[in-house]
Amino acid sequence: MNIVLGISNLSLGLLLIVLSIPLIKRKVKMNHFYGVRIAKAFESEENWYQINAYGGRRLVAWSVVLAVIGVITFFLPLGSAEHPNETLVLTVSLVPLIVIVPSVAQILRYSKKL
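Note that the structure is a prediction, hence the values are computed from the model and not measured.

Student: Before we go on, may I ask you to explain the packing of aromatic side chains in this structure?
Tutor: Aromatic rings in a pair are described by how distant their centres are and how their planes are angled relative to each other. Tallied over the full model, the rule gives two aromatic pairs. Judged by centre distance (5.3 Å) and plane angle (40°), the rings of Phe42 and Trp48 are tilted. Pairing Tyr54 with Tyr110 gives two aromatic rings, centres 4.1 Å apart and planes at 10°, and the pair type is stacked. Of this pair, Tyr54 sits in helix 2 (residues 45-73) while Tyr110 sits in helix 4 (residues 96-113), and the two are 56 residues apart along the sequence. Take Tyr54: its relative accessible area is 18%, and that puts it in the buried class.

Student: How do you make sense of the packing of helix 1 (residues 2-24) against helix 2 when you look at a structure like this?
Tutor: Any two packed helices are characterised by how steeply their axes cross, that is the angle between the axes, and by the distance between the axes. Between helix 1 and helix 2, the least distance of the axes is 7 Å, while the angle of their chain directions is 160°. As summarised for this structure, helix 1 and helix 2 are arranged roughly antiparallel, according to the angle between their axes. For the element pair helix 1 and helix 2, the recorded crossing hand is left-handed.

Student: Please explain the pattern of salt bridges as it appears in this structure.
Tutor: When the charged atoms of two side chains with opposite charge come close together, those side chains can pair. For the structure shown, the criterion picks out one salt bridge. The shortest N-O distance in the salt bridge between Lys40 and Glu43 comes to 3.6 Å. Given a relative accessible area of 22%, Lys40 falls into the partly exposed group.

Student: What should I look at first to understand a nonpolar patch on the surface in this one?
Tutor: Nonpolar side chains collect at one region of the surface, where Leu90, Leu94, Leu97, Ile100, Val101, Val104 and Leu108 lie side by side and expose about 610 Å² of accessible area between them. Here the element with the most residues in the nonpolar patch is helix 4; it accounts for five residues. The topology assignment puts Ile100 in helix 4.

Student: Any chance you could explain the nonpolar core here in plain terms?
Tutor: Nonpolar side chains in soluble globular proteins generally cluster together in the buried interior. Of all hydrophobic cores here, the largest spans 10 residues; its members are Leu23, Val28, Val36, Ile38, Ala41, Trp48, Tyr49, Ile51, Tyr54 and Ile107. Top contributing element to this core by residue count: helix 2, with four residues. Not counting the four nearest positions on each side in its chain, Ile107 is found in contact with Val36, Ile38, Ile51, Tyr54 and Gly55. The next biggest cluster of nonpolar side chains, apart from the first, holds five residues, and it includes Leu16, Leu66, Val95 and Val99.

Student: Help me understand the packing of helix 2 against helix 4 in this model?
Tutor: Running from N to C, helix 2 and helix 4 cross one another at 160°; their axes reach a closest spacing of 9 Å. With respect to helix 4, the axis of helix 2 lies roughly antiparallel. The crossing of helix 2 and helix 4 is right-handed. Contact residues: Gln50, Ile51, Tyr54, Gly55, Arg58, Leu59, Trp62, Ser63, Val65, Leu66 and Ile69 in helix 2; Pro96, Ile98, Val99, Pro102, Ser103, Gln106, Ile107, Tyr110 and Ser111 in helix 4.

Student: Please clarify how the side chain of Ser111 should be interpreted in this entry.
Tutor: Take Ser111: it is sitting in helix 4. On the basis of relative accessible area, Ser111 is assigned to the buried category, the value being 5%.

Reading guide: rules and limits
- Residues numbered from 1 in each chain as written.
- Predicted model: local features only at pLDDT ≥ 70, side-chain atom pairs only at ≥ 80, totals over all residues.
- Heavy atoms only, no water.
- Phe/Tyr/Trp six-rings, centres within 6.5 Å; stacked < 30°, edge-to-face > 60°.
- Helix = DSSP H or I, 4+ residues; strand = E, 2+ residues; numbered from the N terminus.
- Buried < 20%, exposed > 50% of the residue type's maximum accessible area, 1.4 Å probe, protein only.
- Axes fitted to C-alpha atoms, helices over the stretch in contact; angles between N-to-C directions.
- Parallel < 35°, antiparallel > 145°, perpendicular 65-115°, else oblique.
- Left-handed = near helix turned anticlockwise from the far one by under 90°.
- Salt bridge = Lys/Arg side-chain N within 4 Å of Asp/Glu carboxyl O.
- Patch = residues over 30% accessible without salt bridge, like charges linked within 9 Å, V, L, I, M, F, W, Y side chains within 5 Å.
- Areas by Shrake-Rupley, 256 points an atom, 1.4 Å probe, with all protein chains shown as cover.
- Core = buried A, V, L, I, M, F, W, Y, C linked by side-chain atoms within 4.5 Å.
- Contact = heavy atoms within 4.5 Å.

This is how it looks when you write it as structure tokens:
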């Protein structure tokens with residue numbers, strides 16, 4: 001169980017970091033598929049690049065946290081498949097929300113300042 005949760009959290013953290021780099025570097029043109037797609041971002045190209053660069057930086061910061069927690073997960077006493085520590089398993093399973101919720105909140109707060 002540790003291996004599956006650890007690999008999934010570590011992999012997701014690394015994937016989000018890789019996907020954030022083009023946003024930070026302002027390489028992603030305005031589109032409806034990739035990037036921070038909120039109304040404020042579509043108001044102008046300047047907003048698009050500012051919001052996406054900021055969002056990419058926030059996502060990297062929180063994704064590093066997710067990746068570190070993924071590594072720590074390998075060493076947690078999650079129990080066995082027959083006798084899992086249900087509270088700890090649930091907590092570790094919900095860790096990706098640590099990335100999504102604060103990132104979105106910070107991006108929305110930042111976009112209101114523009």
